2 protein chains.
Amino acid sequence: MTDIEAHSHHSTAFLTDMYELTMLDAAFKDGTAHRQCTFEVFARRLSDGRRYGVLAGTARVLDAICQFRFTEEQLAMADFLSVEARDYLRNYRFSGQVDGYREGEIYFPYSPLMTVRGTFAECVILETVILSILNSDSAVASAASRMVTAAEGRPIMEMGSRRTNERAAVSAARAAYIAGFSSTSNMEAAMRYGIPAAGTAAHSWMLLHVDENGVPDEKAAFQAQVDRLGTDTTLLVDTFDITKGVENALEVAGPELGAVRIDSGDLGIVSRQVRKQLDDAGAVSTKIIVSSDLDEFVIAGLRSDPVDGFGVGTSVVTGSGAPTAGMVYKLVEVEGHPVAKRSRGKITYGGTKSALRAYRASGVAVSELVHPAGADIRRKKSLTYREMVIPLVRDGQILDNLNDLEQTREHLAIARTTLPWEGLALSRDEPAIPTHFVGFPEPAE
Amino acid sequence: MTDIEAHSHHSTAFLTDMYELTMLDAAFKDGTAHRQCTFEVFARRLSDGRRYGVLAGTARVLDAICQFRFTEEQLAMADFLSVEARDYLRNYRFSGQVDGYREGEIYFPYSPLMTVRGTFAECVILETVILSILNSDSAVASAASRMVTAAEGRPIMEMGSRRTNERAAVSAARAAYIAGFSSTSNMEAAMRYGIPAAGTAAHSWMLLHVDENGVPDEKAAFQAQVDRLGTDTTLLVDTFDITKGVENALEVAGPELGAVRIDSGDLGIVSRQVRKQLDDAGAVSTKIIVSSDLDEFVIAGLRSDPVDGFGVGTSVVTGSGAPTAGMVYKLVEVEGHPVAKRSRGKITYGGTKSALRAYRASGVAVSELVHPAGADIRRKKSLTYREMVIPLVRDGQILDNLNDLEQTREHLAIARTTLPWEGLALSRDEPAIPTHFVGFPEPAE
């Protein structure tokens, strides 16, 4: 098992649903494998009545496409396939085209988030890994972005690793950082993506410090932490009694103490009490960091309280009620013909698409215009239009300007400022701007 | 980046929150790093008003502990640590003891699911990876188990890879299989864990088959699939029109067709119509498989409909409303002294614990008895008691009888039969059996 795991951790080729392989096999047999196809990633709706979604994971998708190489172990496992299909997979390299929205882009229903063009065979087998990455990363980024807005500039640390799969935790930290979180607790994410890491001590640190009779000694715990990390550290003050905890913290660290963290209780009331206690003791620059099951609504509720920073775990890594973004990967064009599944209640325009976002002169976005690729649909002089779709991969080669996390983060921060003001509200409603289909030859079915 | 990724994909040591490392460092400085500690994994409540939880991920935790080795790249990144701490990490090997519930065990609030004993330093840094694995895998298994019960013996295929992180998908498939799902779409899970893989064709397969004018040719798609996979395959009949789809399917495959899959519509009504259509055409053994946003409630609602199997995606990999199991990893004992955080509304018994499950003579479980490790609390002759906690690791060595997925699956299937009948209900309520704390020297605070 060790060898297989070693290989499969690098290869992304088996992060794939079996039916993609059986379809590929049947397509070789009936001669359709080499038909030129376009697959499109989009979401029919935004999760949970939200006003906008945040696309995340694009750069990871491009990496995954690069690493989509079948190992011999995988090919041996795929013994239900014909020899021809397995030979094809052995030499598989994606050689097609990928276009899409930038990572960190705000999106709406039916935004053509990623378009993959190539033969049926080379495109169909990328379905699962593309959707896994985009659905999970975008779910986290979309939730995180709302928390960042609710925090109104106060920093949020991502600390949810323990609440999600151990590898998903690393991607979640990345997605939260894109959305504007300031740091992560996750060491792997810090190393792999250069995200600032943060963290000081847990309740176990306080409980470790018992005297020879087993009686807890909070001051000893604080003292050891300050000795090692300096007075600028964050002391966790709610293990036993918060008022006494703050008193002990100040006794040990003095008024230069960096911060106290509160991880329980009614955070509004407690933060005001602690602020007063700190101020009365002259620790006017000591910050108050809160954690404990925060989500965007709780953060918003602390707007007027003396909270200087937030630690968010469960809610951000699980998408705050929407753990997946609901994106799909649909075949929309075959050999130049638009194709679409017929379904009641679902808009189904076939064909390769692109999109413009229209803005008023003030810079506020007014609509998302989805159109056939190549069509010119700029019709109103009073509006400015932004091309949403950029080339990501050409002839199997990733274009190299997409992997800067700081730029991605900045892009989103700016995009958020272009939403109509109601677009940042936390309550459930319609998308912040409507999506219009423009320039399609036929009406929607 | 490639080198770092290569290493870090094997090492689990950085799937860790930074504060575990800063605590370890401070503990070396103040001499507490080598104190003998017990950490305990438990959940204070069951998610979402459920009656029971299913523990999953234990074998993966034991693997992760084995692979908890720091690479030089990681140590270089941890440059905020003292030389002493980094030297310790360089040579880190867990050498302590782990006890816990079996994987596939049903659990209740405060069940001591895993107990990790060793020095503070060696135990504290395992916190995040242990919780990540148990919280995510148990969330999936707990949801999946309810679906298995609702399906009343009809097979369920796991097909949710695209709705969750690409690596989480592999673990989710494993957890769903433990809970009684019959197969997975995920190739990596099939290869790594030996889970039966399944899958035939998607809507894209149907849409690929257009004639030279771009007109869809459903029969050509069915024909190609049957040519390659035989008549025993499953044809997806709802791409255009279900009635016509079934007609086409039978025309191509004949009454020996294995199954049809329906992925849209009101599944109860549609399945009855399709059953009649199949029966009328003599295809009495052709099965009906349904998918499309199923969860345990939808499955239960199809109880009396002619559905032969289910495909479940989003809801199982996201825990059906409860994407994380809420387990925590708490320091409960230091150098033989019980320790506990003081918090209102939380039961906080310190000390190393074990548990018995008490059963009536009929075999029905009546209570979960959490007790101090080593205490004998078997008090009622009318009940039988099962020891819930087994040794998992001794002196850093994994005991080797824990990795058989089929046994784990069987264990859960049997455990489910011991729940009181109301314990299998899907509605929200109290846990199926109460948890009692027995034999503790002090009352709860």
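- As annotated in an unreviewed UniProt entry, chain A carries the name Nicotinate phosphoribosyltransferase and comes from Corynebacterium qintianiae.
- Quoted straight from UniProt, the Function (unreviewed entry) entry for chain A says "Catalyzes the first step in the biosynthesis of NAD from nicotinic acid, the ATP-dependent synthesis of beta-nicotinate D-ribonucleotide from nicotinate and 5-phospho-D-ribose 1-phosphate."
- UniProt annotates chain A under Sequence similarities (unreviewed entry) with the comment "Belongs to the NAPRTase family."

## Looking at the sheet that holds strand E5 (residues 114-119) of chain A
Residue and element names in this part refer to chain A.
Thought 1: Taking strand neighbours across the sheet as the criterion, the 7 strands line up as E13-E12-E1-E5-E3-E17-E18 in an open arrangement whose pairing is antiparallel. The strands lining the two open edges of the sheet, one partner per strand, are strand E13 (337-338) and strand E18 (397-398).
Thought 2: Here 4 bridges tie strand E3 (residues 97-101) to E5, and the two strands are oriented antiparallel to one another. Following the sheet pairing, Val 98 is matched in E5 by Val 116.
Thought 3: Of the strands in this sheet, strand E1 (36-43), E5 and strand E12 (327-334) are in contact with helix H7 (residues 127-151), which crosses E12 at around 140°.

## Side note on the domain arrangement of chain A
Thought 1: Partitioning chain A into structural domains gives domain 1 (2-140 + 322-348 + 389-419) and domain 2 (200-290).
Thought 2: If you average the C-alpha positions of domain 1 of chain A and of domain 2 of chain A, the two centres end up 48 Å apart.

## What about the packing of helix H12 (residues 242-253) of chain A against helix H13 (residues 267-280) of chain A?
Residue and element names in this part refer to chain A.
Thought 1: Look at H12 against H13: their axes get within 11 Å of each other, and the N-to-C directions meet at 35°. H13 is crossed by H12, and the crossing has right-handed handedness. Counting all contacts with H12, which are made through Ile 242, Thr 243, Val 246, Glu 247 and Leu 250, the residues of H13 involved are Val 270, Val 274, Gln 277 and Leu 278.

## Regarding empty space enclosed by the protein
Thought 1: Tallied over the full model, the rule gives 3 cavities of 30 Å³ or more.
Thought 2: Lining of the largest cavity is provided by 26 residues; of these, Thr 164, Ala 168 and Val 317 of chain A together with Thr 164 and Ala 168 of chain B occupy positions nearest its centre.
Thought 3: When residues in the lining of the largest cavity are grouped by element, the largest group, 4 residues, is from H7 of chain A.
Thought 4: Its residues assigned to classes, the lining of the largest cavity comprises 11 nonpolar, 11 polar and 4 charged.

## So, the interface of chain B and chain A
Thought 1: Listed as interface residues are 104 residues of chain B and, on the opposing side, 104 residues of chain A.
Thought 2: Applying the counting rule to chain B against chain A returns 10 salt bridges.
Thought 3: Where chain B packs against chain A, one counts 42 residue pairs in polar contact (both at pLDDT 80 or more).
Thought 4: Looking at the side of chain B that touches chain A element by element, the count peaks at 11 residues for helix H2 (residues 18-30) of chain B.
Thought 5: Broken down by class, the residue content of the side of chain B that touches chain A amounts to 44 nonpolar, 34 polar and 26 charged.

## What to know about the packing of aromatic side chains
Thought 1: Under the definition given, this model contains 28 aromatic pairs over all chains.
Thought 2: Their ring planes at 90° and their centres at 6.5 Å tell us that Phe 70 of chain A and Tyr 92 of chain A sit as a pair that is edge-to-face. Taken as a pair, Phe 70 of chain A in the loop between helix H3 (58-66) and helix H4 (72-77) and Tyr 92 of chain A in the loop between helix H5 (83-90) and E3 lie far apart in primary sequence, 22 residues in all.
Thought 3: Judged by its relative accessible area of 9%, Phe 70 of chain A falls in the buried class.
Thought 4: Note on Tyr 92 of chain A: relative accessible area 1%, which makes it buried.
Thought 5: Ring centres of Tyr 110 of chain B and Phe 437 of chain B lie 5.5 Å apart, and the angle between their planes is 70°; on these two criteria the pair is classed as edge-to-face. A residue pair is termed long-range when its members are at least 10 positions apart, and Tyr 110 of chain B in the loop between strand E4 (106-107) and strand E5 (114-119) and Phe 437 of chain B in strand E19 (residues 435-437) qualify at 327 residues.

## Thoughts on the relation of the copies chain B and chain A
Thought 1: At an RMSD of 0.0 Å, chain B and chain A line up after a rotation of 180° and a shift of 0.0 Å along the axis. Expressed as an axis order, the relation between the two copies is that of a two-fold axis.
Thought 2: Comparing interface residues between copies, 100% of those in chain B also sit at the interface in chain A, which points to an isologous, same-surface contact.

## Remarks on the UniProt feature "domain: Nicotinate phosphoribosyltransferase N-terminal" (unreviewed entry) in chain A
Thought 1: The UniProt entry lists residues 15-135 of chain A under the feature "domain: Nicotinate phosphoribosyltransferase N-terminal" (unreviewed entry), expressed in the numbering used here.
Thought 2: Its end C-alpha atoms 14 Å apart, residues 15-135 of chain A is made of 41% helix and 19% strand.

## Some words on helix H12 (residues 242-253) of chain B
Residues and elements named next belong to chain B.
Thought 1: If you check H12, its first and last C-alpha atoms are 16 Å apart, about what 12 residues at 1.5 Å a residue would give, namely 16 Å.
Thought 2: In the core, the buried residues of H12 are packed alongside helix H11 (218-229), strand E8 (234-236), strand E9 (259-262) and helix H13 (267-280).
Thought 3: Looking at where H12 begins, the residue whose side-chain oxygen comes 3.2 Å from the main-chain nitrogen of Thr 243 is Asp 241.
Thought 4: Of the residues flanking the end of H12, it is Gly 254, one or two places downstream, whose phi is positive at about 75°.

## A look at the packing of helix H8 (residues 168-179) of chain B against helix H16 (residues 405-417) of chain B
Residues and elements named next belong to chain B.
Thought 1: H16 packs onto H8 with a crossing angle of 50° between their chain directions and a minimal axis gap of 7 Å. Classified by the angle their axes make, H8 and H16 are oblique. Of the residues in H16, those in contact with Arg 174, Tyr 177, Ile 178 and Ala 179 of H8 are Leu 405, Glu 406, Thr 408, Arg 409, Leu 412 and Arg 416.

Criteria and cut-off values
Residues numbered from 1 in each chain as written. Chains lettered and ligands numbered in written order. Predicted model: local features only at pLDDT ≥ 70, side-chain atom pairs only at ≥ 80, totals over all residues. Heavy atoms only, no water. UniProt positions renumbered as here; feature names shortened; annotations may be inferred. Pairing = 2+ DSSP bridges. Helix = DSSP H or I, 4+ residues; strand = E, 2+ residues; numbered from the N terminus. Contact = heavy atoms within 4.5 Å. Axes fitted to C-alpha atoms, helices over the stretch in contact; angles between N-to-C directions. Domains from an automatic or database assignment. Left-handed = near helix turned anticlockwise from the far one by under 90°. 1 Å grid on protein atoms, 1.4 Å probe; cavity = no way out; pocket = protein on both sides within 12 Å on 5 of 7 lines; lining within 4 Å. Points joined across faces, edges and corners; volume = space filled by probe spheres on them. Nonpolar A, V, L, I, M, F, W, Y, C, P; charged D, E, K, R; others polar. Salt bridge = Lys/Arg side-chain N within 4 Å of Asp/Glu carboxyl O. Polar contact = N/O pair within 3.5 Å; in protein donor to acceptor, adjacent residues only side chain to side chain. Phe/Tyr/Trp six-rings, centres within 6.5 Å; stacked < 30°, edge-to-face > 60°. Buried < 20%, exposed > 50% of the residue type's maximum accessible area, 1.4 Å probe, protein only. Least-squares fit on C-alpha atoms with pLDDT ≥ 70 in both. Expected span 1.5 Å × (residues − 1). Parallel < 35°, antiparallel > 145°, perpendicular 65-115°, else oblique.

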